[in-house]
Each structure stands twice: as C-alpha cells, then as structure tokens.
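# Close look at the chain arrangement
So you can see what is in the structure, the chains are spelled out below.
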Amino acid sequence: MITSATQGTATGLAIVLRPLRADDAPRLLDAVHASLPTLSQWLPWATSAYDLAAAEAWIAYCAGARASGAEHHFGVFDAGTGALLGGVGINHRIPAYRSANLGYWTTDAVRGQGVAVEAARLAARFGFETLGLQRIAILVQPENRASLRVAIKLGAVCEGVARDGIVVRGRAHDALVHSLLPRDLGMATPDRQA
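As the structure is a prediction and not an experimental result, all values here were calculated from the model.

## What to know about the packing of aromatic side chains
- Per the stated rule, a full pass over the model turns up 4 aromatic pairs.
- Arranged with centres 5.5 Å apart and planes meeting at 50°, the rings of W45 and Y50 form a pair that is tilted.
- Classification of W45 as partly exposed rests on a relative accessible area of 35%.
- A residue is classified by how much of its surface remains accessible, and Y50, at 8% relative accessible area, is buried.
- Taken together, a centroid distance of 5.9 Å and an interplanar angle of 65° make the contact between W45 and W105 edge-to-face. With a gap of 60 residues between them, W45 in the loop between α2 (36–39) and α3 (52–68) and W105 in strand β5 (residues 99–106) connect regions that are remote in the sequence.
- Feature note: the residues W45, Y50 and W105 constitute an aromatic cluster, connected by ring pairs.
- Between R18 and the ring centre of F77, over which it is positioned, the NZ or CZ distance is 4.0 Å.

## Structural notes on helix α1 (residues 25–34)
- Of all the residues in α1, the buried ones are A25, L28, L29, A31 and V32. Projected down its long axis, α1 carries its buried residues within an arc of 165°, all on one side. Summarising the geometry of α1, the exposed residues directed more than 90 degrees from the buried face are D30 and A34.
- On its buried face, α1 is in contact with α2, α3, β4 (84–94) and β5.

## Here's the deal with the pattern of salt bridges
- Throughout the structure, instances matching the rule amount to 7 salt bridges.
- Here R18 makes a salt bridge to D24, at a shortest N to O gap of 2.7 Å. Taken individually, R18 and D24 each receive the classification buried, so the pair is uniform in this respect.
- One salt bridge connects E129 with R125, and the closest N-O pair in it is separated by 3.1 Å. You can see E129 and its partner R125 sitting in helix α4 (residues 115–129), 4 residues apart, about one turn around the helix.
- Judged by its relative accessible area of 52%, E129 falls in the exposed class.

Calculation rules
Residues numbered from 1 in each chain as written. Predicted model: local features only at pLDDT ≥ 70, side-chain atom pairs only at ≥ 80, totals over all residues. Heavy atoms only, no water. Phe/Tyr/Trp six-rings, centres within 6.5 Å; stacked < 30°, edge-to-face > 60°. Buried < 20%, exposed > 50% of the residue type's maximum accessible area, 1.4 Å probe, protein only. Helix = DSSP H or I, 4+ residues; strand = E, 2+ residues; numbered from the N terminus. Lys NZ or Arg CZ within 6 Å of the ring centre and 35° of its normal. Arc of directions from axis to C-beta. Contact = heavy atoms within 4.5 Å. Salt bridge = Lys/Arg side-chain N within 4 Å of Asp/Glu carboxyl O.

Interpretation in functional terms is not warranted from these geometric data alone.
Structural data, given as structure tokens:
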C-alpha cells in the first residue's frame with residue numbers, strides 16, 4: 001500500500017494506492033460506469049459492455065502481471081472513506097533500459113481535484129524507488145486535455161509527438177510523449193552507469 005504523504009490534492013483529500021483485490025470488482029465496475037462518457041473517449045476498455053466479469057478479469061490480470069514484475073497497477077482510494085477514485089499503473093516496462101510507461105484515470109466525481117496528479121506522483125515514486133526505473137514515459141492523445149494537465153502538473157517534460165504512437169479501438173492516433181526522471185520529482189538521480 002502506498003499512502004499519500006501529504007494532503008496533496010486540491011481539496012486536501014488524502015489518497016491510498018494499493019493493488020486491486022478480487023472483492024474490489026463491484027467498486028471498480030461502479031467507478032467505470034459512473035464515468036463512462038468521459039473514460040470511453042480515451043480508454044478502449046471503457047465501454048457500455050464493461051461488466052463485472054471484465055472487472056474481475058482486469059483484477060486477475062493485474063495480480064499476474066504484478067507477480068511476474070511486468071506491470072504494477074494500483075487502485076486509487078480515498079484514505080478516509082475507502083471509495084475507489086480511479087486507477088494508476090506502471091506498464092510497458094523495459095528492464096534493460098530501466099524504463100516504463102505510466103497511465104492513470106479518475107472518476108468524474110474527483111476530476112479536477114488533484115487526485116490523478118497525486119496518484120501519478122505516488123506511482124512514479126514507486127517506479128523510481130522500488131522498481132529502480134530511471135525514466136517513465138506518459139503518452140497522451142493531444143485532444144485529451146485533462147491527461148495533459150496531469151502530466152504538466154506532475155512536472156513531466158514534453159519531448160514531442162509519437163506519430164501513430166497509441167492504438168485505440170484498432171485505430172492509430174498521435175501521442176504527445178512526456179517523460180519523468182527522478183529529478184523531476186525532486187529525487188536523487190540514479191548512477192548513469194548501468
């Protein structure tokens with residue numbers, strides 16, 4: 001479990017990141033459906049067909065990916081109420097390059113309150129401190145203004161456009177590539193010699 005060290009969100013909401021458990025499936029389903037019109041614009045899995053079986057399958061996938069060390073996904077929870085507020089994850093790891101991607105989403109109920117920024121910050125710190133990453137990339141479609149704001153507020157540096165860098169619903173889209181290094185979060189930079 002990763003706990004927000006500060007009341008880092010705009011509303012002072014404290015959050016907790018932890019791996020999703022099997023009994024979180026109904027809450028995950030409710031969170032996705034509550035924000036479906038927004039999420040479905042950017043996330044190919046967020047459709048009206050998303051059901052309890054899909055939530056259970058995602059949680060099982062996350063457990064397996066975590067066990068293998070390939071990916072690390074977390075539910076984002078309100079530290080006070082336990083409500084599921086979204087998800088954040090480190091994926092597409094390339095161990096030889098000590099790099100990975102970072103993805104995040106939140107429910108509409110907490111959008112604009114700093115939850116995604118704080119969750120992304122905590123997940124990135126986990127990637128740098130626990131996984132030994134030296135670089136984390138965030139790929140965002142240029143039209144996804146909310147995700148772009150999160151990357152900017154996080155301190156990620158925009159490096160350019162990856163042409164056809166993201167595939168959503170079988171169609172390629174350009175992606176703005178942002179990167180985070182430990183120093184962007186005020187952390188010590190690991191030795192550059194690998």
